[in-house]
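Below are the chains, spelled out letter by letter.
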Amino acid sequence: MTGNNRSGTPASGARPEAANESALNRQIAYRRFQELLLTGDIRPGQNLSQRELMGKLGISLGALRELLARWEAEGLLAVMPQRGIQITTVDLRMIRESYQLRIAYEREATIYAVEHLSDEDLSAQRRLHTSILERAGAGITRELLDEAQHIDSAFHDFLIAATGNETLIQAYSINSLRVRMIHLDRIRLNPAVLAPALDDHLEIIDGIMARDRARAESAIERHIFNARQRAVAF
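Predicted model only: the values in this text are computed from it and were never measured.

(A) The arrangement of the environment of E106 in detail. Mapped onto the fold, E106 is located in helix 4 (residues 92-116). Relative accessible area serves as the criterion here: at 1%, E106 is assigned to the buried category. In this view, E106 contacts H156, I160, Y172, I220 and I224; residues no more than four positions away in its chain are not counted.

(B) Spatial organisation of the environment of I59. Within the fold, I59 resides in the loop between helix 2 (50-57) and helix 3 (61-73). Put simply, I59 and L77 are 18 residues apart on the chain and 18 Å apart in space, counted from C-alpha to C-alpha. Among all residues touching I59, those that are not within four sequence positions of it are N25, A29, M54, L64 and L67.

(C) How the structure looks around the UniProt feature "domain: HTH gntR-type" (unreviewed entry) in the chain. Mapped onto this numbering, the UniProt entry annotates "domain: HTH gntR-type" (unreviewed entry) at residues 23-90. Span residues 23-90 is 56% helix and 15% strand, its end C-alpha atoms 30 Å apart.

(D) Representation of the pairing of strand 3 (residues 84-87) within the structure. In terms of strand pairing, strand 1 (residues 47-48) meets strand 3 through two bridges, oriented antiparallel. Within strand 3, the residue paired with N47 across the bridge is Q86. In terms of strand pairing, strand 2 (residues 77-80) meets strand 3 through four bridges, oriented antiparallel. Within strand 3, the position partnered with A78 by the bridge is Q86.

(E) Quick peek at the layout of surface pockets. Space inside the largest pocket adds up to approximately 310 Å³. Along the wall of the largest pocket there are 18 residues; nearest its centre are Q149, S153, S176, R180 and H183. Among the elements of the structure, helix 4, helix 6 (142-162) and helix 7 (166-186) are those that each provide at least two residues to the lining of the largest pocket. Size it by volume and the second largest pocket reaches roughly 210 Å³. Along the wall of the second largest pocket there are 13 residues; nearest its centre are D157, Y172, S173, S176 and R180. Breaking the lining of the second largest pocket down by element, the ones donating at least two residues are helix 1 (16-39), helix 6 and helix 7. In terms of residues, the lining of the second largest pocket owes the most to one element, helix 7, which gives six residues. Its residues assigned to classes, the lining of the second largest pocket shows six nonpolar, three polar and four charged.

(F) Seen up close, the domain arrangement of the chain. Domain parsing of the chain yields domain 1 (16-87) and domain 2 (92-233). Taking only C-alpha atoms, the centre of domain 1 and the centre of domain 2 are 28 Å apart. At the interface, ten residues of domain 1 touch eight residues of domain 2. Taken over both partners, the interface formed by domain 1 and domain 2 buries close to 890 Å², and the fraction arising from carbon and sulfur atoms is 67%. Our count for the contact surface shared by domain 1 and domain 2 stands at zero salt bridges. Our count for the domain 1 to domain 2 interface comes out at one residue pair in polar contact (both at pLDDT 80 or more). Element by element, the count of residues in the side of domain 1 that touches domain 2 is highest for helix 1, at three residues. Residue classes in the side of domain 1 that touches domain 2 are distributed as five nonpolar, two polar and three charged.

(G) Representation of the confidence of the model for the chain within the structure. On average, residues of the chain score 89 in pLDDT, and 90% of them reach the 70 mark or higher. Scored below 50 in pLDDT, residues 6-11 shows six contacts in the model against residues more than four places distant or in partner chains.

(H) Molecular detail of the packing of helix 5 (residues 119-136) against helix 8 (residues 191-209). Running from N to C, helix 5 and helix 8 point in directions that differ by 160°, and their axes come no closer than 10 Å. When the axes of helix 5 and helix 8 are compared, the pair comes out roughly antiparallel. Judged by the twist between their axes, the crossing of helix 5 over helix 8 is left-handed. Residue-level contacts link D119, L122, S123, Q125, R126, H129, T130, I132, L133 and A136 of helix 5 to L194, A195, L198, D199, H201, L202, I205, D206, I208 and M209 of helix 8. Along the lines of polarity and charge, the residues of the contact of helix 5 with helix 8 split into eleven nonpolar, five polar and four charged.

Parameters at a glance
Residues numbered from 1 in each chain as written. Predicted model: local features only at pLDDT ≥ 70, side-chain atom pairs only at ≥ 80, totals over all residues. Heavy atoms only, no water. Helix = DSSP H or I, 4+ residues; strand = E, 2+ residues; numbered from the N terminus. Buried < 20%, exposed > 50% of the residue type's maximum accessible area, 1.4 Å probe, protein only. Contact = heavy atoms within 4.5 Å. UniProt positions renumbered as here; feature names shortened; annotations may be inferred. Pairing = 2+ DSSP bridges. 1 Å grid on protein atoms, 1.4 Å probe; cavity = no way out; pocket = protein on both sides within 12 Å on 5 of 7 lines; lining within 4 Å. Points joined across faces, edges and corners; volume = space filled by probe spheres on them. Nonpolar A, V, L, I, M, F, W, Y, C, P; charged D, E, K, R; others polar. Domains from an automatic or database assignment. Buried area = accessible area lost by both parts, 1.4 Å probe. Salt bridge = Lys/Arg side-chain N within 4 Å of Asp/Glu carboxyl O. Polar contact = N/O pair within 3.5 Å; in protein donor to acceptor, adjacent residues only side chain to side chain. pLDDT = per-residue confidence, 0-100. Axes fitted to C-alpha atoms, helices over the stretch in contact; angles between N-to-C directions. Parallel < 35°, antiparallel > 145°, perpendicular 65-115°, else oblique. Left-handed = near helix turned anticlockwise from the far one by under 90°.

Structure representation (structure tokens):
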């Protein structure tokens, strides 16, 4: 006896196609959960039932329970017996821990950038930032703030991605979601913050382009410290 049924499908376990489809659905639900957090459809500190979250994500209870374990390990929520699910609250401990990790990850990425990133790529980043600052001189609109927010986030993602270190990229991605939750809850880019934040970025870029490790490290650390202080002072 071979252990296969007449169709050739293994007798034990699900079909490979079904297993792959299930894994894909979990990946889609994982990304959907991130989108809900980043758009504010799910808020820090919010309480949800499993049924409510299933409805928002369009997945089964079994799939949800698998993902809940992952999200809890990543510090994005807590599963409370008899009380449902609580999205992680933005508090001083979360801010402190998230920014400590952020400094560690982005300092390493900045060191790598000093040694490896091309002047061409760095100049492109510099042009994006100076364009925003020049246009801000004529007045800061909501559309300009949204564009600046995108450039701000994308710059940090750019530094991390440039390392090519998949372990670092994955760890940063998880922590980055917590940092963006903090930003949404406390320090979204606003007219008062726009210029100082982008000026910080320009100092980081200039330090890297000068191939001055100490200057670039100091600039990234100062920028992250400034962001943390704005979150704490909220």
